Amino acid sequence: SREIHLASRPDGWPVDGNFRLTEVPVPELQDGQVLVRNTAMSVDPYMRGRMNDVKSYVPPFQLDQPLDGGAVGEVIESRSDAHKPGDTVLHGLGWRDYAVLDGARARTIDTALAPASAYLGALGLTGLTAYAGLTKVAEFKEGDAVFVSGAAGAVGSLVGQIAKALGASRVIGSAGSAKKVERLRELGFDAAFNYHDAPVKDQLQEAAGEQGIDVYFDNVGGDHLEAAISELNKYGRIAMCGAISQYNTTDKPTGPRNLALAIGKELTLRGFIASSYNQYADEFAALMAGWLRDGQVSYDETFVDGLENAPQAFIDLMKGANKGKMVVRLA
Ligand code: NDP
């Protein structure tokens, strides 16, 4: 079996040399364990933080040890009552061909509802991040005007569509290319702009118009966050989901320089971690199944093939190569 190890910690942007493909024997199954042949795995921006040797809400990856993360696959062998060979399961041991884990840590998924890869994205933690961030953290309510950054990405594209499905008066998205902006319009965003074209502040102001915005779902941080603070209406709310503009820079973080506006506008800025909202997973799953069925929400996936290409897929994800969820398919 092959797995990908962290060979060295990236300084700024990760490079291929930070990763190593390694051959390892598949361990004997213990009582209660299952052997899973992984068919797809997730690469996510948060993994970049785990490559640094710093304390965070998830422990850092260890040097010369396999990386891990969301994966789906087929149970090949089982010594657990929870699973039988042939089951399709979701679990946390990606970045390897075969995973051996406790049966209780693998969840059987319903591939009649959606292909397995969807459980890495729209029907998984990505979807819950979008839903909980919008409705619980930013306390979205019908009629709100919403701005979301990273809008063509996995989380962002769902945020915009969920907001529409829940009755947003206006949804604005920003993304990094003309193609992505076009895609946002197809997905039903009322306005969208390419943040490379002109300062975010100017483009957001134009897109928001007189109405302004009530909610900002922040995936990016920096100048996007600063622009949103300027544009938010009184009692506006910000769900601080991510700050990808700062994950790979070695420069001092930028902005927001206008945070004091939050006082007079009585803004709420609230950070969150999706896993703290697991109690809404069932509520979300039921809503999402309905939205997918009715076509109110659709999800994009960008596939890269081969475990050996997972490091590059991860690097490319942070450079914007993906539309929707970046998924690595394993042989
Ligand atoms: P995405 O699918 O959105 O992929 C990342 C995207 O970020 C890229 O496609 C790229 O799109 C964009 N990007 C990269 N650099 C910049 C930049 N400097 N400025 C603006 N955009 C940039 O990933 P996810 O949907 O998985 O994650 C989105 C955000 O949500 C991340 O910040 C992530 O850390 C966060 N997150 C937080 C969670 C939580 O629990 N709090 C859970 C899951 C995700 P483009 O071409 O538009 O630049």
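Residues numbered from 1 in each chain as written. Predicted model: local features only at pLDDT ≥ 70, side-chain atom pairs only at ≥ 80, totals over all residues.

- Looking at an unreviewed UniProt entry, one finds the protein named NADP-dependent oxidoreductase, with Arthrobacter gallicola as its source organism.

### Here's the deal with the sheet that holds strand 12 (residues 232–240)
Sheet strands pair via backbone hydrogen bonds, and the direction of the pair is either parallel or antiparallel.
Part 1 of the argument: The sheet built from 6 strands is open, its strands ordered 10-9-8-11-12-13 with parallel pairing. What marks the edges here is a single partner per strand, and that holds for strand 10 (191–194) and strand 13 (268–271). Pairs of neighbouring strands in the sheet enclose a mean axial angle of 15 degrees, with direction left out of account.
Part 2 of the argument: Examined bridge by bridge, strand 8 (residues 145–148) and strand 9 (residues 170–175) share 4 bridges and lie parallel to one another. Residue pairing in the sheet places Val148 in a bridge with Gly173 of strand 9.
Part 3 of the argument: Sheet strands touched by helix 6 (residues 222–231): strand 8, strand 9, strand 11 (213–218) and strand 12. Its angle to strand 11, the strand with the most contacts, is close to 165 degrees. (Pairing = 2+ DSSP bridges. Helix = DSSP H or I, 4+ residues; strand = E, 2+ residues; numbered from the N terminus. Axes fitted to C-alpha atoms, helices over the stretch in contact; angles between N-to-C directions. Contact = placed C-beta atoms within 7 Å.)

### Examining the domain arrangement of the protein
Part 1 of the argument: What the domain assignment lists for the protein is domain 1 (2–121 + 299–329) and domain 2 (125–275).
Part 2 of the argument: The distance between the C-alpha centroids of domain 1 and domain 2 comes to 28 Å.
Part 3 of the argument: Taken together, the contacts link 17 residues of domain 1 with 19 residues of domain 2.
Part 4 of the argument: Broken down by class, the residue content of the side of domain 1 that touches domain 2 amounts to 5 nonpolar, 7 polar and 5 charged. (Domains from an automatic or database assignment. Nonpolar A, V, L, I, M, F, W, Y, C, P; charged D, E, K, R; others polar.)

### Thoughts on the packing of helix 5 (residues 200–208) against helix 6
Part 1 of the argument: Relative orientation of the contacting elements helix 5 and helix 6 amounts to 40 degrees, with a least axis distance of 9 Å. The angle between the axes of helix 5 and helix 6 places the two elements in the oblique class. Helix-helix and strand crossings are classified by hand; for helix 5 and helix 6 the assignment is right-handed. Along its contact with helix 5, which presents Val200, Lys201, Leu204, Gln205 and Ala208, the element helix 6 presents Asp223, His224, Ala227, Ala228, Ser230 and Glu231.
Part 2 of the argument: Residues of the contact of helix 5 with helix 6, tallied by class, amount to 5 nonpolar, 3 polar and 3 charged. (Parallel < 35°, antiparallel > 145°, perpendicular 65-115°, else oblique. Left-handed = near helix turned anticlockwise from the far one by under 90°.)

### Quick notes on the packing of helix 2 (residues 125–137) against helix 8 (residues 281–294)
Part 1 of the argument: Viewed as axis vectors pointing N to C, helix 2 and helix 8 meet at an angle of 100 degrees, and their least axial separation amounts to 10 Å. With respect to each other, helix 2 and helix 8 are oriented roughly perpendicular. The segment helix 2 lies against helix 8, with Gly127, Leu128 and Tyr131 engaging Ala281, Phe284 and Met288.
Part 2 of the argument: Looking at side-chain class alone, the contact of helix 2 with helix 8 contains 5 nonpolar, 1 polar and no charged residues.

### Considering the site of the ligand
Part 1 of the argument: Neighbouring residues of the ligand: 29 residues in total, closest Gly153, Ala154, Gly176, Gly242 and Gly320.
Part 2 of the argument: Broken down by secondary-structure element, the contributors of at least two residues to the shell around the ligand are helix 2, helix 3 (154–165) and helix 9 (310–318).
Part 3 of the argument: For the shell around the ligand, the class distribution of residues is 15 nonpolar, 12 polar and 2 charged.
Part 4 of the argument: Taken domain by domain, the makeup of the shell around the ligand includes at least three residues from each of domain 1 (2–121 + 299–329) and domain 2 (125–275). (Near = placed C-beta within 6 Å.)

### Describing helix 8
Part 1 of the argument: Given a rise of 1.5 Å per residue, 14 residues ought to cover 20 Å, and the 20 Å separating the end C-alpha atoms of helix 8 matches this to within 8%.
Part 2 of the argument: Among all positions in helix 8, only Phe284, Met288 and Trp291 are buried. The arc enclosing the buried residues of helix 8, seen along the axis, measures out at 65 degrees, which places them on a common side. More than 90 degrees from the buried face of helix 8, the exposed residues found are Asp282, Ala286, Gly290, Arg293 and Asp294.
Part 3 of the argument: In the core, the buried residues of helix 8 are packed alongside helix 2 and helix 3.
Part 4 of the argument: Just past helix 8, the residue Gly295 takes up positive phi, approximately 80 degrees. (Expected span 1.5 Å × (residues − 1). Buried ≥ 20, exposed ≤ 12 C-beta atoms within 10 Å, placed from the backbone. Arc of directions from axis to C-beta.)

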